[in-house]
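As a plain string of letters, each chain reads:
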Amino acid sequence: MDFSALNEALAFKSYDQIADICDTLMLQVASEGVAFHDEWPYAIHLLGHIYINDINSARFLWKKIPLAVKESQPEVSAVWKIGQRLWMKDYGGVHEAIREFNWSPQTQGMVAAFSELYTKRMFELLLSAYSTISIQDTALFLGMNEDDATNYALQQGWSVDPASRMLTVKKQAVATEQKLDHIVSTRKTGFYFKIEDVIYFWHSRFVVN
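Per an unreviewed UniProt entry, the protein carries the name CSN8/PSMD8/EIF3K domain-containing protein and comes from Rehmannia glutinosa.

So this is what it looks like as structure tokens:
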């Protein structure tokens, strides 16, 4: 199989193109009757969908992966664990799933890029949803310890009250035509977060606790 297009996208860190490249190649080899499961880069393929927040496609792909592959390639299951946490809107769990696995050199760069992107998207979500938020909860959303989360927020112009351990959000000026009703999005990666997701997250925490 010719993975040159995939390898080139990985080399140039064009991670938003990975899913399309893999989908197209998979359709091609399947139509030709080529046996591909044993050498298919399932971890990268799953990450490609997760990177652009296409969790439905990631779930569909996961269901198609042979059980033998899932059992013999723990990294594939580790990638899907990230997808599961995204599907469940378990924001803190996404960061945990990223940290708890020792990623291979092939996936390490892409996982790191997704982690950075996801942290930025979570910060934008907090920026949209809150005027004040505790340091503890900010750390949970950003997947950091409390000191790092506080420093990250301060670098973005937020302020902190050490006594109450609360952060005050600094709202960014956005042109009216750029505002989306209760949505923070970026076209390049396909990320969409709704304020309702935040409500769902806190409701889930309340019920569990």
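1. Observations concerning the overall build of the protein
Helix and strand counts for the protein stand at eleven helices and five strands. Considering only residue pairs separated by 6 or more positions, the protein has 61% of its internal contacts joining residues 24 or more positions apart. If you sum the accessible surface of the protein, you get close to 11800 Å²; carbon and sulfur atoms cover 51% of it.

2. Some remarks on unusual backbone geometry
With a phi close to 55°, K13 is a non-glycine residue in the positive phi region. Take K13: it is sitting in the loop between α1 (4-11) and α2 (18-31). Unusually for a residue other than glycine, N53 sits at a positive phi of about 65°. Tracing the backbone through its elements, the reader meets N53 in the loop between α3 (42-51) and α4 (55-64).

3. Some points on the side chain of H45
By secondary structure assignment, the location of H45 is in helix α3. Only 2.6 Å separates the side chain of H45 from the side chain of D23, close enough to count as a polar contact. In contact with H45, other than residues within four places in its own chain, are A19, C22, D23, M26, W40 and L61.

4. What to know about the pattern of salt bridges
All told, the structure shown has five salt bridges when counted by the stated rule. Note that K81 is salt-bridged to E100, the shortest N-O span being 2.3 Å. Placement of K81 in helix α6 (residues 74-87) and of E100 in the loop between α7 (91-99) and α8 (105-129) is noted, with a sequence separation of 19 residues between them. Between E146 and R165 there is a salt bridge, with its nearest N and O atoms 2.5 Å apart. With E146 in helix α10 (residues 146-155) and R165 in the loop between β2 (159-161) and β3 (166-168), this pair connects stretches of sequence that are 19 residues apart.

5. Here's the deal with the environment of I98
Here I98 shows up in helix α7. With a relative accessible area of 9%, I98 lands in the buried category. Setting aside its immediate chain neighbours within four residues, I98 contacts I82, W103, V111, F114 and S115.

6. Considerations on the packing of helix α9 (residues 135-142) against α10
Packed helices, taken two at a time, are described by their axes: the angle between them and the distance between them. Running from N to C, α9 and α10 point in directions that differ by 90°, and their axes come no closer than 8 Å. Viewed along their axes, α9 and α10 adopt a mutual orientation that is roughly perpendicular. Residues I135, Q136, T138, A139 and L142 of α9 form the contact with α10, whose participating residues are E146, A149, T150 and Y152. Across the contact of α9 with α10, the residue classes tally to five nonpolar, three polar and one charged.

7. Regarding the packing of α7 against α8
Packing of α7 against α8 leaves a shortest axis separation of 11 Å and a crossing angle of 160°. On the basis of their axis angle, the class for α7 and α8 is roughly antiparallel. Taken as a pair, α7 and α8 cross one another with a handedness that is left-handed. Between α7 and α8, the contacting residues are Y91, V94, H95 and I98 on the first element and V111, F114, S115, Y118, T119, M122 and L125 on the second. Grouping the constituent residues of the contact of α7 with α8 by class yields eight nonpolar, three polar and no charged.

8. A few points about the nonpolar core
Generally speaking, nonpolar side chains in soluble globular proteins are found buried as a group. Membership of the largest hydrophobic core comes to 57 residues, with the highest contact counts inside it found for I18, W40, Y42, L46, I82, F114 and W158. In terms of residue count, α8 provides more of this core than any other element does, eleven residues in total. If we ignore the near neighbours within four places in the chain, the residues touching I18 are L6, A9, L10, I44, G48 and M110.

Cut-offs and rules
Residues numbered from 1 in each chain as written. Predicted model: local features only at pLDDT ≥ 70, side-chain atom pairs only at ≥ 80, totals over all residues. Heavy atoms only, no water. Helix = DSSP H or I, 4+ residues; strand = E, 2+ residues; numbered from the N terminus. Contact = heavy atoms within 4.5 Å. Areas by Shrake-Rupley, 256 points an atom, 1.4 Å probe, with all protein chains shown as cover. Polar contact = N/O pair within 3.5 Å; in protein donor to acceptor, adjacent residues only side chain to side chain. Salt bridge = Lys/Arg side-chain N within 4 Å of Asp/Glu carboxyl O. Buried < 20%, exposed > 50% of the residue type's maximum accessible area, 1.4 Å probe, protein only. Axes fitted to C-alpha atoms, helices over the stretch in contact; angles between N-to-C directions. Parallel < 35°, antiparallel > 145°, perpendicular 65-115°, else oblique. Nonpolar A, V, L, I, M, F, W, Y, C, P; charged D, E, K, R; others polar. Left-handed = near helix turned anticlockwise from the far one by under 90°. Core = buried A, V, L, I, M, F, W, Y, C linked by side-chain atoms within 4.5 Å.

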